[in-house]
Amino acid sequence: MPVVPMKELLDRALADRYGVPAFNIVNDLSIEAVLAAAVEEHSPVILQTSVKTVRMYGRAQLFDIVGTLVRDVAVPVTLHLDHCPDRSVISDCLAGGWNSVLFDAHELDVAENLRQTTEVVAEARARGAHVEGEIEGIQGVEDGIGSDAASVVQTLEVAVDFIRRTGVDCFAPAIGNAHGQYTSAPVLDHQRVSDLVEATGVPMALHGGTGLSAEQFQDLIARGCAKVNISTALKQVFLQSSLEFLRDAEARGKWDPPSFFTHQRSAVMGMAVEHMRTFGSSGRAW
Ligand code: 13P
């Protein structure tokens, strides 16, 4: 299985200033389509699961599905748990083979977040896994987690201290980004990414990828966002392509599930390929 540690994937991307796409997969078809895109583009890729998806399948079943689909894939892949405030789900996924977790404790005060994230880092290390840390909420609700309220942004000193003392492998800063579709043009604090990377050498995770322009992605990647999260775009392309197919099936009175799956797969693949090219990860598999 070409599964590689998250840190290796991100450290290479940070050194060469490209972004590894982290797609929030929702089922077997979306996993397979994202992997097919990575193979076609010769790109490393992160398969990301929300807590909701883990709960929907059950951790063991989801891991088995990923394992089966990844087995013969010849590009580097890593399996990551997205925003998770629940320590028991973190422990369960680490024990169950996830390569990396985002312990999202931004609702705790920074001191308690730091204390608990340090414990999660130790737990992950014991299993050869890695940790993304977060001290500020990313605006927008995703799969039932988060809030639509704008987050309090911590100072650079607080963020740098958190990264250094916890030993997280990746950090998710709030820089004016938001989950879901942007309702107005985002005003991004690019400099914060540069400052954090310069002070710590740790790669940043860019959340709220859906709706950013190619120029915004490329600027933030050049500043050190080595992990770029895409969720809403996958969900939309998956369901909109499904709707389009079903409307046509109804009009023609033809109901053929395999053609339906092929149509969905090609829509998800196209979306993934486009992001890999924009992020500069195409051709970067090793
Ligand atoms: P979007 O839903 O805006 O693509 O954000 C994805 C994300 O950041 C997942 O954590």
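Scroll up to find the structure this text is about.
Residues numbered from 1 in each chain as written. Predicted model: local features only at pLDDT ≥ 70, side-chain atom pairs only at ≥ 80, totals over all residues. Heavy atoms only, no water.

## Here's the deal with the pairing of strand E8 (residues 225-230)
What counts here: Classification of residues uses two cut-offs on accessible area relative to the type maximum, computed with a 1.4 Å probe and protein chains only: under 20% is buried, over 50% is exposed, and between them is partly exposed. Put simply, DSSP H or I for four residues or longer makes a helix, DSSP E for two residues or longer makes a strand, and each gets a number counted from the N terminus. The criterion for strand pairing is that DSSP finds at least two bridges linking the strands in question.
Among the 6 residues in E8, 6 count as buried, and that is most of the element. Here 4 bridges tie strand E1 (residues 20-24) to E8, and the two strands are oriented parallel to one another. Of the residues in E8, the one forming a bridge with proline 21 is valine 228. One ladder, built from 3 bridges, connects strand E7 (residues 204-206) with E8; its direction is parallel.

## A closer look at the packing of aromatic side chains
Filter applied, for reference: Side-chain rings of Phe, Tyr and Trp (the six-membered ring for Trp) are treated as a pair once their centres are within 6.5 Å; stacked means planes under 30 degrees apart, edge-to-face means over 60, and tilted covers the remaining angles. Whether a charge sits over a ring depends on NZ of Lys or CZ of Arg being within 6 Å of the ring centre and within 35 degrees of the ring normal.
All told, the structure shown has 5 aromatic pairs when counted by the stated rule. A ring pair is formed by phenylalanine 162 and phenylalanine 171, whose centres lie 6.0 Å apart and whose planes are at 50°; its orientation type is tilted. Neither phenylalanine 162 nor phenylalanine 171 differs from the other in exposure class; each is buried. For the ring pair phenylalanine 260 and phenylalanine 261, a centre distance of 6.1 Å and an interplane angle of 35° mean the geometry is tilted. A residue is classified by how much of its surface remains accessible, and phenylalanine 260, at 16% relative accessible area, is buried. Residue class for phenylalanine 261 comes out partly exposed when judged on its relative accessible area of 44%. Just above the ring of tryptophan 286 sits the side chain of arginine 12; from NZ or CZ to the centre is 3.8 Å.

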